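In case you want the letters, here they are:
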Amino acid sequence: MTDIFESVNYVETKNSVKNMMNLYKLLLLRLEENQLPRMTAKYGLSFGGSSSSRNTKSNVEDYVIKKIILEGKIEEYVTKIITAFNRLDEDERKYLYLKYLTDMTLSDEQIMPQCHMCLRNFRELKKQAYIKFAMALGVEVYCD
């Protein structure tokens, strides 16, 4: 496993994850309140969204049909991110949650005490969280 971590360009992979999390937060703006993912006590995400309640069989305008299709794609993308997020260890999920999914933007210096780790272990946790999450999403960047 160490070889895989060393073959990944950490800086570029971290940027990929950052971009994915920013896109994720933007996509959540398009979902209804009752469909938003919820954080569990162990920093897992659960997605309550379901598009089965929508009735697309009626004679509606093309705009409405396109909007429903777009919302379905958004839900699919959000579900992909949630699935990848939930495959991480609890500490890795906690770090990414505190870094990207809270209402406040927290720095690593603010997050480290909440993870109850020394600096060396915290840096290792960060690296593992970014690389494993990127690999689960398929957005990791490898060294040349």
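Scroll up to find the structure.
What counts and how
Residues numbered from 1 in each chain as written. Predicted model: local features only at pLDDT ≥ 70, side-chain atom pairs only at ≥ 80, totals over all residues. Heavy atoms only, no water. Axes fitted to C-alpha atoms, helices over the stretch in contact; angles between N-to-C directions. Helix = DSSP H or I, 4+ residues; strand = E, 2+ residues; numbered from the N terminus. Parallel < 35°, antiparallel > 145°, perpendicular 65-115°, else oblique. Left-handed = near helix turned anticlockwise from the far one by under 90°. Contact = heavy atoms within 4.5 Å. Nonpolar A, V, L, I, M, F, W, Y, C, P; charged D, E, K, R; others polar. Buried < 20%, exposed > 50% of the residue type's maximum accessible area, 1.4 Å probe, protein only. Lys, Arg positive; Asp, Glu negative; His and termini not counted. Salt bridge = Lys/Arg side-chain N within 4 Å of Asp/Glu carboxyl O. Core = buried A, V, L, I, M, F, W, Y, C linked by side-chain atoms within 4.5 Å. 1 Å grid on protein atoms, 1.4 Å probe; cavity = no way out; pocket = protein on both sides within 12 Å on 5 of 7 lines; lining within 4 Å. Points joined across faces, edges and corners; volume = space filled by probe spheres on them. Phe/Tyr/Trp six-rings, centres within 6.5 Å; stacked < 30°, edge-to-face > 60°.

(A) Here's a closer look at the packing of helix H2 (residues 10–28) against helix H6 (residues 119–137). Contact geometry for H2 and H6: axes closest at 9 Å, N-to-C directions at 65°. Comparing their axes, H6 and H2 come out roughly perpendicular. The two elements H2 and H6 cross, and the hand of that crossing is left-handed. Contact residues: H2 offers Tyr-10, Thr-13, Lys-14, Val-17, Met-20 and Met-21, while H6 offers Lys-126, Lys-127, Tyr-130, Ile-131, Phe-133, Ala-134 and Leu-137. Residue composition of the contact of H2 with H6, grouped by class: nine nonpolar, one polar and three charged.

(B) Looking closely at the side chain of Lys-94. Structurally, Lys-94 can be placed in helix H4 (residues 90–101). An unpaired buried charge is present at Lys-94: no salt bridge exists, and Asp-91, the closest side chain of opposite charge, is 6.1 Å distant.

(C) Spatial organisation of the pattern of salt bridges. Evaluation of the coordinates by the stated rule reveals four salt bridges. The shortest N-O distance in the salt bridge between Lys-132 and Asp-89 comes to 3.4 Å. One end of the pair, Lys-132, is in helix H6; the other, Asp-89, is in the loop between helix H3 (62–86) and H4, with 43 residues separating them in the sequence. By relative accessible area, Asp-89 is classed as partly exposed at 43%. As a salt-bridge pair, Lys-126 and Asp-108 come within 2.7 Å of each other at their nearest N and O atoms. Taken together, the positions of Lys-126 in helix H6 and Asp-108 in helix H5 (residues 108–115) put the pair 18 residues apart, joining distant regions of the chain. The pair Lys-126 / Asp-108 is uniform in exposure class, with both members buried. A network of salt bridges, in which partner residues are shared, links Asp-89, Glu-92 and Lys-132.

(D) Summary view of the nonpolar core. Residues Tyr-24, Val-78, Tyr-95, Leu-96 and Phe-133 are the most contacted members of the largest nonpolar core, which totals 32 residues. Take this core: its biggest share by element is seven residues, from H6.

(E) Broad picture of the layout of surface pockets. By volume, the largest pocket is sized at about 310 Å³. In terms of lining, the largest pocket is formed by 14 residues, of which the most central are Tyr-24, Leu-28, Pro-37, Leu-101 and Asp-103. Residues of the lining of the largest pocket, tallied by class, amount to 10 nonpolar, one polar and three charged.

(F) A look at the packing of aromatic side chains. Under the criterion given, the structure shown has six aromatic pairs. Their ring planes at 70° and their centres at 6.1 Å tell us that Tyr-10 and Tyr-130 sit as a pair that is edge-to-face. Taken together, the positions of Tyr-10 in helix H2 and Tyr-130 in helix H6 put the pair 120 residues apart, joining distant regions of the chain. For Tyr-10, a relative accessible area of 21% puts it in the partly exposed group. Grouping aromatic residues by their ring pairs yields a cluster made of Tyr-10, Tyr-95, Tyr-100, Phe-122 and Tyr-130.

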